[in-house]
Each structure stands twice: as structure tokens, then as C-alpha cells.
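These are the residues of each chain, in order.
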Amino acid sequence: MISRHVFGQPIETGAVIMTIPESTQAIAVMNTALGEDGITLSCQMADTDVVYGLGEQVRGMNKRGFSYISYATDDPIHTENKHSLYAGHNFLILSRTNEPSFGIFVDDPGRVVFDVGETKLDQLCITAGSDCTIYIIKGSSLKDIARQFRELIGQSYIAPKWAFGYQQSRWGYSCEADIRKVVDEYHTRGIPLDAVYLDIDYMKDFKDFTVDEEKFPDFSGLVSDMKEKGVHLVPIIDAGVKIEKGYPVYEEGVQNGYFCKDEDGQDFVGAVWPGKSHFPDFLNSRAGEWFGNKYQWLMDQGIDGFWNDMNEPALFYSEKRLKSVMDEILSMKDENLGLHSFYHMKGRIDSLSGNPEDYESFCHNIDGVKVRHDKVHNLYGFYMTKAAADAFERIAPDQRTLMFSRSSYIGMHRYGGIWTGDNASWWSHLLLSIQQMPSLNLCGILYTGSDIGGFGSNATQDLLMRWLEFGIFTPLMRNHAAAGTREQEVYQFDNIEDFRNIIRIRYGLLPYIYSEYMKAVFNNDMYFRPLSFDFPDDAHAASVEDQLMVGESIMIAPVYTQNATGRYVYLPQDMLMVRMKSMENKSCQIMSKGHHYIDIALNELVFFVKKNHMLPLAAIDDSVRSTTDCHFHRPDSDYEWIGFADESAEYMLYDDDGSTKSYTPKDQWIKIVRSAKELSL
Ligand code: MIG
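Residues numbered from 1 in each chain as written. Predicted model: local features only at pLDDT ≥ 70, side-chain atom pairs only at ≥ 80, totals over all residues. Heavy atoms only, no water.

A. Layout of the overall build of the protein chain. In terms of regular secondary structure, the protein chain is built from 13 helices and 40 strands. Scaling as 2.2 N^0.38, a compact globule of 681 residues should have a C-alpha radius of gyration of about 26 Å, and the protein chain matches this with 25 Å. Dimensions along the principal axes, computed over C-alpha positions, put the protein chain at roughly 80 × 65 × 55 Å. For the protein chain, with 681 residues in total, the buried portion stands at 63%. The contacts in the protein chain between residues at least 6 apart in sequence include a share of 74% that link residues at least 24 apart. Only carbon and sulfur atoms are counted for the fraction: they give 48% of the accessible area of the protein chain, which is about 25200 Å². Averaging the positions of the 64 positive and the 97 negative side-chain charges in the protein chain gives two centres separated by 1 Å. (Helix = DSSP H or I, 4+ residues; strand = E, 2+ residues; numbered from the N terminus. Rg over C-alpha atoms; globule rule 2.2 N^0.38 Å. Buried < 20%, exposed > 50% of the residue type's maximum accessible area, 1.4 Å probe, protein only. Contact = heavy atoms within 4.5 Å. Areas by Shrake-Rupley, 256 points an atom, 1.4 Å probe, with all protein chains shown as cover. Lys, Arg positive; Asp, Glu negative; His and termini not counted. Charge placed at Lys NZ, Arg CZ, Asp CG, Glu CD.)

B. Layout of helix 3 (residues 219-228). Three or more residues of helix 3 are buried, namely Phe219, Gly221, Leu222, Val223 and Met226. Close packing links the buried residues of helix 3 with helix 2 (176-188), strand 13 (195-198), strand 14 (232-238) and helix 5 (285-299). Positive backbone phi, approximately 85 degrees, marks Gly230, located one or two places after helix 3.

C. Seen up close, the pattern of salt bridges. Enumeration according to the criterion identifies 48 salt bridges in this entry. For Glu552, the salt bridge is made with Lys519, and the minimal N-O distance between the two is 2.9 Å. Residue Glu552 is located in the loop between strand 30 (548-550) and strand 31 (554-556), and its partner Lys519 is located in helix 12 (residues 496-523); the two are separated by 33 residues in the primary sequence. Under the relative-accessibility criterion, Glu552 is labelled partly exposed at 26%. Here the salt bridges share partners, and the residues they tie into one network are Asp74, Asp309, Glu312, Arg406 and Asp422. (Salt bridge = Lys/Arg side-chain N within 4 Å of Asp/Glu carboxyl O.)

D. Structural detail: the packing of helix 10 (residues 427-442) against helix 11 (residues 461-471). Taken N-terminus to C-terminus, the directions of helix 10 and helix 11 make an angle of 10 degrees; their axes are 10 Å apart at the nearest point. As the angle between them shows, helix 10 and helix 11 are arranged roughly parallel. From helix 10, Trp427, His429, Leu430, Ser433, Ile434 and Met437 reach across to helix 11, where they touch Asp462, Leu463, Arg466, Trp467 and Phe470. Partitioning the contact of helix 10 with helix 11 into residue classes produces seven nonpolar, two polar and two charged. (Axes fitted to C-alpha atoms, helices over the stretch in contact; angles between N-to-C directions. Parallel < 35°, antiparallel > 145°, perpendicular 65-115°, else oblique. Nonpolar A, V, L, I, M, F, W, Y, C, P; charged D, E, K, R; others polar.)

E. Molecular detail of the sheet that holds strand 15 (residues 241-242). Reading across the sheet, the four strands line up as 15-18-17-20 and stay open at both edges, with antiparallel pairing between neighbours. The open sheet has two edge strands with one neighbour each: strand 15 and strand 20 (317-318). In the sheet, strand 15 pairs with strand 18 (residues 275-278) via two bridges, with the strands oriented antiparallel. Among the inter-strand pairings, Lys242 is bridged to a residue of strand 18, identified as Ser277. (Pairing = 2+ DSSP bridges.)

F. Main features of the site of the ligand. In the vicinity of the ligand, 13 residues are found, and the nearest of them are Asp199, Asp309, Arg406, Asp422 and His480. Contact distances for the ligand include 3.5 Å between an oxygen atom and a side-chain N or O atom of Trp273. Between Asp309 and the ligand, the recorded distance is 2.8 Å, taken from a side-chain N or O atom to a nitrogen atom. For the ligand, whose unbound accessible area comes to 350 Å², protein coverage reaches 95%. (Near = heavy atom within 4 Å. Polar contact = N/O pair within 3.5 Å; in protein donor to acceptor, adjacent residues only side chain to side chain.)

G. Broad picture of the sheet that holds strand 8 (residues 102-107). Taken in spatial order, the five strands of this open sheet run 1-11-8-7-4, and their pairing is antiparallel. This sheet does not close on itself; its edge strands, each paired only once, are strand 1 (2-7) and strand 4 (50-53). Between one strand axis and the next, the sheet turns by 20 degrees as a mean value, whatever way the strands run. Sheet topology note: the strand 1/strand 11 (residues 132-138) ladder contains six bridges and is antiparallel. Along strand 11, the bridge assignment pairs His5 with Ile134. Its contacts with the sheet place helix 1 (residues 142-153) against strand 1, strand 4, strand 7 (91-95), strand 8 and strand 11, and it is angled at close to 140 degrees to strand 11.

H. The arrangement of the pairing of strand 21 (residues 362-366) in detail. In terms of strand pairing, strand 16 (residues 261-262) meets strand 21 through two bridges, oriented antiparallel. Across the sheet, Lys261 pairs through a bridge with Cys363, a residue of strand 21. The antiparallel hairpin formed by strand 21 and strand 22 (residues 369-372) contains two residues in its connecting segment, where Asp367 sits at a positive phi of about 45 degrees.

I. Quick look at unusual backbone geometry. Of note, the amide linkage connecting Glu312 to Pro313 takes the cis form, showing an omega dihedral of -10 degrees. Mapped onto the fold, Pro313 is located in the loop between strand 19 (305-309) and strand 20. At Arg59, a residue that is not glycine, the phi angle is positive and equals roughly 70 degrees. Its place among the elements puts Arg59 in the loop between strand 4 and strand 5 (66-70). You will see that Met310, though not glycine, has its phi angle at about 60 degrees, which is positive. Topologically, Met310 is positioned in the loop between strand 19 and strand 20.

Put into C-alpha cells, the structure is as follows:
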């Protein structure tokens, strides 16, 4: 049951697709107060209550003990003291044992604060603007509340099947030879690969919708060459448009008034990669359509996937603020800078990037209505991505196009996925990425993953290996690293054989991963779930922060600490433990409910299968270089079925062509039944 409560005059955000009549009643589950800061909603939490959700944020799956601010921020240091990452995911579920659980979605694209027991351990307190819509969702279980929320916000984006293969990226590949080398290195070692990314260096002077012709003399030739090898090239698109006379995107945007305007009605000037830039007003439908159509130029050259970056939007500085800071600092030139003056100067420089006042200094024209940016800040990345997705629908209506974004808001999951931004090669960030996955799924974002191996800092062989052993299960499985860090392609390390074996297991698991992804889309389910969603009556399950349910049959317990040779695992029921060193080297063992210490070697994947469940495993031989070589066309008899059961197990297998929108209707999904003795143990 969903109730909708309206405060003030909220802006239409596009988050929700269902029409729910406005409730005439007050919100019963929380106290509501209207103050100077806006609306405050609060309630008591019992010690055993758990708070799930909030999507892309730091800290654990249970969000209690900290406060989170929805205000999209380009901050590459994701430590546990940070209140905001790149998104506004204002949905949480308060899971309670003594009273009915409920979900709450705060539809307000400005700044929203969730104090989840930080100020007072037992108080949940949400502060939103005075114009917002609140949805309260009650249901029979956590899964049911999550599903109702997903029905409210609409069906999740579906990526092409190749985007479920292994992908390699690095900020620093800058010319044709770099790209060819990566693909060759993977292929000569027999490691499958489905995509290589083009980060900002492919562009001419960081200008969107340009390709540097010196570095890429025959771009479309390269794209088709690579595609013949089964590798898709995925270029980045940045939000900021370089100010440069004669550059068509700039000229057209200025002429048609498609850029965000400052208080004086001038095109707002902020700097990002290309230096001074303007920012397309994605919230204006004509501007969005115009910018979206620009992707066609790359699609015409064979590109079928993109990632949208810097769309919080990130701001290195605004022209006006830079000038005043520079003037002030120059005036200090001859001073003897001591404690206060030195830190004052440093603070002035630090205040340049992503300054909240800059976000208050420009406006959108939402189809005739002038709105200050900070009121709708969290919609910017959503509408950039929607602009692209709407254009794909016009340009290639029957094809799936890969699209994921850095910034997002509830509702963007209908148009693309996200990646979790600039993490680091830290073990703590491997754990963070495990914990972020179910929180993102709760918000509808299914096509997601983190930068495997970590973006910032230097990865080590063991970190990359352990991260891949988790990344095998994330729909987006992309190794990405920042410029200046240690090279992080798997072939840069020792024991490449082990990396190859682990990546090939991903391809063996693809029939399962793809089925589970698609079923989660069509059934409005979560692909990743905290254990308590499947085992609500198990009091211990709710406190497990480092294991996940993946699809209907699997539980994972990744190793995320350095030098560990195993870990403690909690089994909420008897399960089958599967150990794999490669597609050929596999063993299974039934384990009893309870706590276990499990040895897990560095080159070993361990996962668990629920009782009376099973999963398909495809044969992957040496000839498989990408998903193109995987022939998963409904050969249910070709799969090995792994599982264990008292009598028999059932599985719903989903498949389709993977590239068009001819999805398989539910009545044609294949139900597979295997008796206990037919299952691989
Ligand atoms: O300011 O394009 O999160 O993945 O490699 C950094 C360069 C801009 C941030 C993205 C990252 C990407 C990088 N970008």
C-alpha cells in the first residue's frame, strides 16, 4: 500500500510513473513538522530496527549511526566521514520487528538530510525542502515493500548482453595503439573481453562529440575492427561543454539558449576539463533533445555504448568565484602568512570546487519555468542520461544501447545504470562496493558495479583478484583506474593464469547472471539483497554486513581483507558450497546452517547455493573471447545444473537475443526441473 503526501508546491521530478491519489491523512508512521529548514519527519527506532536503502552512500547496508545528505557531489575520497557521494537516492526502508516495517521516498531533488541515528541513536530524522512529495509504502515483507517501490518508479533499464561481459578501462588510453594493445594482450592470453573504454583523452581538447583525429585517424575503422574481435568501445561524455568559438556544440547551445543561465541571464560559466564551459540545461526538454541527438554522431561510427560523467555537475570553479579568490590571494602576495592567514588562503582555494553558492548562482528553464539550480540539483545527471536514452529511442529504437551515469536520482534507473564513481584501490572500498550493491538495487538501479581494482591509488595483485571474485557477480564488471596509478589490467600482474580462470567463470555464470538480471527487471525484484530479505525470521541474518544474496539461488561471502586465507561465513540454512579455481576445477560440499570459518585461497571463487535451488553453468572453452562466442540459445540441456535438493529443484531460465528489445514474454520463460540426483554436487 502506497500513500502520497504533498507539501507545498513540489516540482515534477519524473521519479515516479504511477499515479497515486493525494492522501487526505497525515503521515502516520512519522511525525511531521514544518520549520525554517523545511519539512522534518522523525520517528523512534527500536534497538533491533534496521534501516536499508539510500542507494549510493558510504557505510554499511544498515545505514544506522550516521547522517547522509542527498546532494550530488564529485568527491573522490569515499571515506566513512563523507555525507554525500554522486547521487540523490532518497528511499529507505525502516525494518522493524515490533511494529510494521515501512518504506519512505522523499521526492525532493534539492538537498535532503537523513539523520539515521547519528544525533540520537534511536531517532530517524529526515529534513527535506518545504516543497516535496513523500511516499509511504507498507507491505507484507521487506521484499514486498521493495517491489512496490519499484512498481512506483518503473521498470529498470536493460543493458545489451555484451555489457554483461568483462570490461577494461583506464583513464589514460589515449590513442588507437593503446586500445589495440589492450585487446591484443587479453586475446593472446585467452582472457575474454567485451569492452574497452575511451576516457576523456579520445576527445579533441575534451570537447564532447569530437574525436582527436591525430590519435584516432580512422575512428570508425577502429570501432568496427574491434567489434569483429567481439570488443565494444565505450566513449565517455562529460556534462560541461567547452567554450570555444566555432565549436558547433558551443555555438548551437548559445544561439538557442540551451545552456544554464546565471542571475544576470548570461550563460553560466564554470570550469571542468576543457577549462571554461557552459552547462546544457538538461531539464529543458528542447535542450535535452538537442544534446541527446549529438550522440548520434558517435553511433553512426559504430558506437553502441556510453558513460556519462561529471554530471553532478562537477565544477572545478566558477568564473566569478575564481576571479574574486584570485584577487584576494594576489592581494596577499607580500604578506608574511602565519597560521590564520595561510589557512585562510588555502581555504579560499579549496572553496573553488563544487561550491554550494555556485550551485545557487545559476538557473534552469524547465520548459518556461525558471528554477534555481540548487532546488533541482540532484536531477542534473538523471536528465543528462534521460536525454541520451530518449535519443537512443529515436535513433536506434530496436537496439539496446549501453548507458550508465555517474550522477543519478530516483527514476534514472529507467534510462541507464550507474557506476559508483572514484573509489580507491583500498580493501575498505571492496567492502564498501559490496555494501552499496543492495542499497542501489533498492532504488531500482540494477545495472551497476564499482571500478574493479579501485580507481585511485595503486592496486595490488591480491586486491584485484579478490575484487574480481566479487565483481564476477556485478552486472557491470569493469576494471577501471585513474591516470597516474599503477597499471591495472590483469595482465600487468603475476599469475595471469589465475585471472584468466576467474574471468572465464564469469562467462560460465552468464546464463544465471543474465537470467537473474532480467527476472529482477521484469518482476521488480532486487538482484542483490541483504540476507534478511530472504531470511526475515533469522535474527542473526539482519546483522550480516558482508554477505549478499545474488539472484534467486546464490549467496556470496567475498573475501575483502588483505592477506586473509579465508573468512567467517554465516549460513542462514543448509547450503551447498561451491569452490571453483577454474571452469574445470570445481568441487561442492553441503554445509550446515550456522557459522563457519572457510578457507578461500586467493585464486579460488567460493559461493553458496540455497537449499532446493539450483543454477545453470555454461561450458566455456578456450575459444570464448567474448559474449559473442557464447552460444546460450536456450540449450537448457547443455548446462550443468549445480544445486542440492531434498527431492528436486526448479529454475526459471530467461534468455533472448541480447541486443534487440524483443524480450521474452513471461509465459515463454523456461522452467527447468531437476531431481536431486541429477544435480551436480
Ligand atoms: O575528474 O574522465 O569518475 O571514472 O576516469 C575526473 C576522467 C573525471 C571522473 C570519473 C572517472 C574518469 C575521470 N573522471
